[in-house]
Amino acid sequence: EFRKILRTENEEKSVYKILLHHYKLLLDIFKFYCTDRYKIASVDDLYSLSKLLFLTILEDAGVLHDKLSNKERGAFERLYLGSLLSKSHKKLSGLFRPQYMLAMCRAAQVSNPHAPTKAEAFELFIETHIKPLAPFDYDLFRKKFLLNKDTNLEISFYIPMLRKLFKMHSCVNIVTNEKN
């Protein structure tokens, strides 16, 4: 899909390298806006971004703002619509992860038209607009505060008691996985 917007192989490799470097951040933002912002979502739409959610990402990132002209705002809406086509050229209900990544690359080009290369535009876009959007990292919190020596000692104290309780009330033996 990136071959449509990146003309040279060298440019494609550099954008791909930047994308891999920031993939977790971009994916966390995608998941946050797909799941945490939907109040009611059908199963098909759960992991896709509607136009409104995509534009909300750009607004929260500071790319879309009131000072933009209608033409400039329309460029981002057309960018969304252009990213909706799948590989089989069927129009999708929303942006799924591959189309979202492509749309973010296109948004970088639109928001940084004077960057010397598309890779530099993408890097600048992520550094200045997307990084401040990073949602709370629950894994980092868990590793920093829950997986430490004190917590491990505390949990290890309760494990024998929990094993006894489980053994008394379960239908399966923990060690052998046999049914009681």
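Residues numbered from 1 in each chain as written. Predicted model: local features only at pLDDT ≥ 70, side-chain atom pairs only at ≥ 80, totals over all residues. Heavy atoms only, no water.

Chemist: How should I be thinking about the overall build of the protein chain in this particular structure?
Modeler: Looking only at helices and strands, one finds eight helices and zero strands in the protein chain. Order of helices (α) and strands (β) in the protein chain, N terminus to C terminus: α-α-α-α-α-α-α-α. Counting across all 180 residues of the protein chain, residues that qualify as buried make up 32%. Considering only intrachain contacts with a sequence separation of at least 6, the fraction spanning at least 24 residues in the protein chain is 55%. For the protein chain, the exposed area adds up to about 12600 Å²; of that, 59% sits on carbon and sulfur atoms. (Helix = DSSP H or I, 4+ residues; strand = E, 2+ residues; numbered from the N terminus. Buried < 20%, exposed > 50% of the residue type's maximum accessible area, 1.4 Å probe, protein only. Contact = heavy atoms within 4.5 Å. Areas by Shrake-Rupley, 256 points an atom, 1.4 Å probe, with all protein chains shown as cover.)

Chemist: Sorry if this is basic, but what is going on with helix α1 (residues 9-21) here?
Modeler: Each α-helix turn comprises 3.6 residues. Residues three or four places apart therefore point the same way. With 13 residues, α1 should cover 18 Å at 1.5 Å per step; its first-to-last C-alpha distance of 18 Å lies within 8% of that length. Among the residues making up α1, those that are buried are Glu11, Val15, Ile18 and Leu19. Taken around the axis of α1, the buried residues stretch over an arc of 100°, which confines them to a single face. Opposite the buried face of α1, by more than 90 degrees, sit the exposed residues Glu9, Asn10, Lys13, Lys17, Leu20 and His21. (Expected span 1.5 Å × (residues − 1). Arc of directions from axis to C-beta.)

Chemist: Please clarify how the packing of helix α3 (residues 51-60) against helix α5 (residues 97-111) should be interpreted in this entry.
Modeler: For any two helices packed against each other, one specifies the crossing angle of their axes together with the interaxial distance. Here α3 crosses α5 at 45°, and the two axes come no closer than 12 Å. What the angle tells us is that α3 and α5 run oblique. In the crossing of α3 with α5, the sense of the turn from one axis to the other is right-handed. Residues Phe54, Ile57 and Leu58 of α3 lie in contact with α5, whose contacting residues are Tyr100, Ala103, Met104 and Ala107. Of the residues that constitute the contact of α3 with α5, the class distribution is seven nonpolar, no polar and no charged. (Axes fitted to C-alpha atoms, helices over the stretch in contact; angles between N-to-C directions. Parallel < 35°, antiparallel > 145°, perpendicular 65-115°, else oblique. Left-handed = near helix turned anticlockwise from the far one by under 90°. Nonpolar A, V, L, I, M, F, W, Y, C, P; charged D, E, K, R; others polar.)

Chemist: In this structure, what is going on with a nonpolar patch on the surface? I would like to understand it.
Modeler: Where nonpolar side chains cluster on the molecular surface, the patch consists of Phe157, Tyr158, Met161, Leu162, Leu165 and Met168 and spans about 660 Å² of accessible area. Of note, Met168 is situated in helix α8 (residues 149-169). (Patch = residues over 30% accessible without salt bridge, like charges linked within 9 Å, V, L, I, M, F, W, Y side chains within 5 Å. Salt bridge = Lys/Arg side-chain N within 4 Å of Asp/Glu carboxyl O.)

Chemist: Please explain the packing of aromatic side chains as it appears in this structure.
Modeler: Each aromatic ring pair is summarised here by two numbers: the centre-to-centre distance and the angle between the ring planes. Enumeration according to the criterion identifies three aromatic pairs in this entry. On the numbers, 4.9 Å between centres and 40° between planes, the contact of Phe30 with Tyr100 is tilted. You can see Phe30 sitting in helix α2 (residues 23-36) and its partner Tyr100 sitting in helix α5, a full 70 residues away along the chain. Each member of the pair Phe30 and Tyr100 is classed as buried. (Phe/Tyr/Trp six-rings, centres within 6.5 Å; stacked < 30°, edge-to-face > 60°.)

Chemist: Help me understand the confidence of the model for the protein chain in this model?
Modeler: Do not read the predicted coordinates in detail wherever pLDDT is low. The share of residues in the protein chain with pLDDT of 70 or more is 77%, and the mean pLDDT across the chain is 79. Within the protein chain, helix α7 (residues 138-146) has the poorest average pLDDT of any element, 68, and helix α6 (residues 118-130) the best, 91. (pLDDT = per-residue confidence, 0-100.)

Chemist: Please clarify how the environment of Lys17 should be interpreted in this entry.
Modeler: Along the chain, Lys17 falls in helix α1. On the basis of relative accessibility, which here comes to 63%, the residue Lys17 falls in the exposed class. Along the backbone, Lys17 and Ala119 are 102 residues apart, and their C-alpha atoms lie at a distance of 9.1 Å.

Chemist: Is there a simple way to explain the environment of Asn112 in this structure?
Modeler: When you line up the elements, Asn112 lands in the loop between α5 and α6. Judged by its relative accessible area of 13%, Asn112 falls in the buried class. With residues up to four places along the chain from it excluded, the contact list for Asn112 reads Ala121, Leu124 and Phe125. A polar contact of 3.0 Å, which involves the side chain of Asn112, links it to the backbone oxygen of Ala121. (Polar contact = N/O pair within 3.5 Å; in protein donor to acceptor, adjacent residues only side chain to side chain.)

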